[in-house]
Amino acid sequence: MSILPKAVKEILEEGRSNIDPRGELSPSFRGKLYKIINNFCGSPSQNAHLIRARLELNCAWKVLENWEACELTNDSARKILEMAEEFLRGECDKKTLETTKNFFYTEVENLMNNGQEYFIAAYAGFACISAVNTVLYDVTLDTLGKPDIEIDPDYWTACFSACLSYCGGATWEEGVGDDLKRREFWEWFLNDAVPALWQI
């Protein structure tokens, strides 16, 4: 097990103070964290893109059960996450992953069109798509840190979509979303998901 760098501990502590009364981790902090990850790569063999990809995959895996618990879904989300892991190991080609992701995107959109009761599962699916996009292309740095409500959902990070699935909805939506679950997700993100990137 490697030691968490002091600078990482400090940025995570800053993150904890950025969780607001609704349980939301501020978009500005999330953007800052993703942008400065390249300062904390740990060793020359690592790189910022890979670390962000692994973080996004961890978030998608976190809510996979919400996809699989839906009566209208199958194991396609699990398969695409496994394929993304294979791609990172050099065991899957880019074109195959891109094609599979595009088919899965249509599947998730169709699920969302079935009604609000399927949004939790659909958000989990979109978290998988965002994670795969990060694996393939990295995050879109020019949208990081902007309020999520102002961003095209196609550019949401996997961590944000996963949080929506975990807690039930966004802070700007009425009648949905559990603030305690939202806080629980972001505390997991800061206390477990990010530090896990430094585990051997």
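About the thresholds
Residues numbered from 1 in each chain as written. Predicted model: local features only at pLDDT ≥ 70, side-chain atom pairs only at ≥ 80, totals over all residues. Heavy atoms only, no water. Salt bridge = Lys/Arg side-chain N within 4 Å of Asp/Glu carboxyl O. Helix = DSSP H or I, 4+ residues; strand = E, 2+ residues; numbered from the N terminus. Expected span 1.5 Å × (residues − 1). Buried < 20%, exposed > 50% of the residue type's maximum accessible area, 1.4 Å probe, protein only. Arc of directions from axis to C-beta. Disulfide = S-S within 2.5 Å.

**Observations concerning the pattern of salt bridges**
- Following the criterion strictly, the structure yields 11 salt bridges and no others.
- Notably, a salt bridge pairs Lys-32 with Glu-14, separated by 3.0 Å at the nearest N-O pair. Of the two residues, Lys-32 sits in helix α2 (residues 27–36) while Glu-14 sits in helix α1 (residues 6–17), which places them 18 residues apart along the sequence.
- We note a salt bridge from Asp-148 to Arg-30, for which the minimum N-O separation is 2.7 Å. Pair noted here: Asp-148 is in the loop between α7 (119–137) and α8 (158–167) and Arg-30 is in helix α2, with a separation of 118 residues, a long-range link.

**Structural notes on unusual backbone geometry**
- We note that Asp-138 has phi near 80°; this positive angle belongs to a residue other than glycine.
- Checked against the element boundaries, Asp-138 lands in the loop between α7 and α8.

**Regarding helix α6 (residues 94–112)**
- The end-to-end C-alpha distance of α6, which contains 19 residues, comes to 27 Å, matching closely the 27 Å that a straight helix rising 1.5 Å per residue would cover.
- Within α6, burial applies to Leu-97, Glu-98, Lys-101, Phe-104, Val-108 and Leu-111. Burial along α6 is one-sided: seen end-on, the buried residues are contained in an arc of 135°. Among the exposed residues of α6, those oriented more than 90 degrees off its buried face are Lys-95 and Phe-103.

**Quick notes on the state of the cysteines**
- The full count for this structure, using the stated rule, is 0 disulfides.
- Free cysteine Cys-159: the closest other cysteine sulfur is in Cys-59, separated by 5.3 Å.
- Overall, Cys-159 belongs to the buried group, its relative accessible area being 1%.
- Summary of cysteine pairing: Cys-167 is not part of a disulfide, and the nearest cysteine sulfur, belonging to Cys-163, is at 4.4 Å.
- We classify Cys-167 as buried; its relative accessible area is 6%.

Without other data, these values stay purely geometric and don't point to any function.
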